[in-house]
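Each chain, letter by letter, is given below.
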Amino acid sequence: MDLGTVIRTARQEKGLSLRVVADNTGISYSQISKIERGEHKPSKEKAIKLAHTLNIRPELLSRLLGYEIKNSNIPYIENKARYETLMRDNFSCKLCGRKAPDVELVVAHIIPEKDEGIAEGNQSLHNLVTLCRDCKEGRDLFIAEEGIEKEHLYIKGKLRHLLQE
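Residues numbered from 1 in each chain as written. Predicted model: local features only at pLDDT ≥ 70, side-chain atom pairs only at ≥ 80, totals over all residues. Heavy atoms only, no water.

## Some words on the overall build of the protein chain
Note the threshold: Secondary structure follows DSSP: runs of H or I at least 4 residues long count as helices, runs of E at least 2 residues long count as strands, and numbering of each begins at the N terminus. Using a 1.4 Å probe on the protein chains alone, a residue whose accessible area is under 20% of its type maximum counts as buried, one over 50% counts as exposed, and one in between counts as partly exposed. It only takes one pair of heavy atoms within 4.5 Å for two residues to be counted as in contact. Accessible surface is estimated by sampling points in the Shrake-Rupley manner with a 1.4 Å probe; for residues, cover comes only from the protein chains shown.
What the protein chain contains, in helices and strands, is eight helices and two strands. Out of the 165 residues belonging to the protein chain, those deemed buried represent 42%. If you take every contact in the protein chain between residues at least 6 apart in sequence, the share linking residues at least 24 apart comes to 56%. Accessible surface for the protein chain amounts to roughly 9,600 Å². Of this, 51% is attributable to carbon and sulfur atoms.

Below, the structure written as structure tokens:
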């Protein structure tokens with residue numbers, strides 16, 4: 001399997017359009033389309049952005065690109081942590097309350113792994129939340145427009161972290 005196929009498959013499985021992925025990565029949708037068709041090989045930086053957005057394992061990304069990617073801050077959520085988060089949240093979105101199988105659920109970071117203020121423990125279940133695809137996309141758009149500092153889950157996560165110190 002080549003990089004383009006992996007990216008296209010991951011994007012389609014998540015129900016994301018090229019435009020949504022472009023908005024989330026800062027890479028033009030036409031360039032993403034070319035990458036998916038195998039007409040363009042992304043730079044390491046762009047590949048990391050795509051992997052981050054589409055939750056692609058760094059090891060797979062390294063193998064497909066032909067060079068090692070270390071310490072890339074790709075917030076891949078391990079399957080066990082994903083399952084434990086879904087179980088804890090009763091297979092329902094923590095923002096709107098809708099449940100599987102009526103909606104597609106995803107597990108997201110409350111505080112981004114790249115947030116330098118709280119580098120340790122970001123993969124813990126305390127930093128993961130179950131959201132439906134619609135709420136996740138809405139949250140991503142809100143963060144892009146307003147900044148993460150104004151986002152509800154982020155504020156609660158920061159307060160919880162401060163209280164634990």
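So, next bit.
## Description of the confidence of the model for the protein chain
Selection criterion: On a range of 0 to 100, pLDDT expresses the predictor's confidence in each residue.
Confidence in the prediction of the protein chain, expressed as mean pLDDT, is 79, and 82% of residues score 70 or more. The weakest mean pLDDT in the protein chain belongs to helix α8 (residues 152-164) at 71; the strongest belongs to helix α3 (residues 29-36) at 92. Under a pLDDT of 50 for its full length, residues 116-122 has, in the predicted model, 10 contacts with residues more than four places off or in other chains.

## Side note on the pairing of strand β2 (residues 128-132)
The test is simple: By this definition, two strands are paired if DSSP reports at least two bridges between them.
Across the five residues that make up β2, a large majority, five, are buried. Neither face of β2 is open: one carries Leu128, Thr130 and Cys132, the other Val129 and Leu131, and all of them are buried. With five bridges connecting them, strand β1 (residues 105-109) and β2 associate as antiparallel partners. Note on β2: the bridge partner recorded for His109 is Leu128.

## A closer look at the pattern of salt bridges
Note the cut-off: Salt bridges, as used here, are contacts in which a Lys or Arg side-chain nitrogen is within 4 Å of a carboxyl oxygen on Asp or Glu.
Inspection of the entire model under this criterion finds eight salt bridges. Across the pair Arg37 and Glu39 runs a salt bridge whose closest N-O atoms are separated by 2.9 Å. You can call Arg37 partly exposed: its relative accessible area is 45%.

## What about the side chain of Thr53?
Assignment of secondary structure puts Thr53 in helix α4 (residues 44-54). Looking at Thr53, the relative accessible area reads 17%, which means it is buried. If sequence neighbours within four positions are ignored, Thr53 has contacts with Asn24 and Thr25.

## Considering the state of the cysteines
The cut-off we apply is this: Only a pair of cysteine sulfur atoms within 2.5 Å qualifies as a disulfide here.
In this structure the tally under the stated criterion is zero disulfides. The closest cysteine sulfur to the non-disulfide-bonded Cys132 is located on Cys135, 3.5 Å from its own sulfur. The buried category is assigned to Cys132, whose relative accessible area is 0%.

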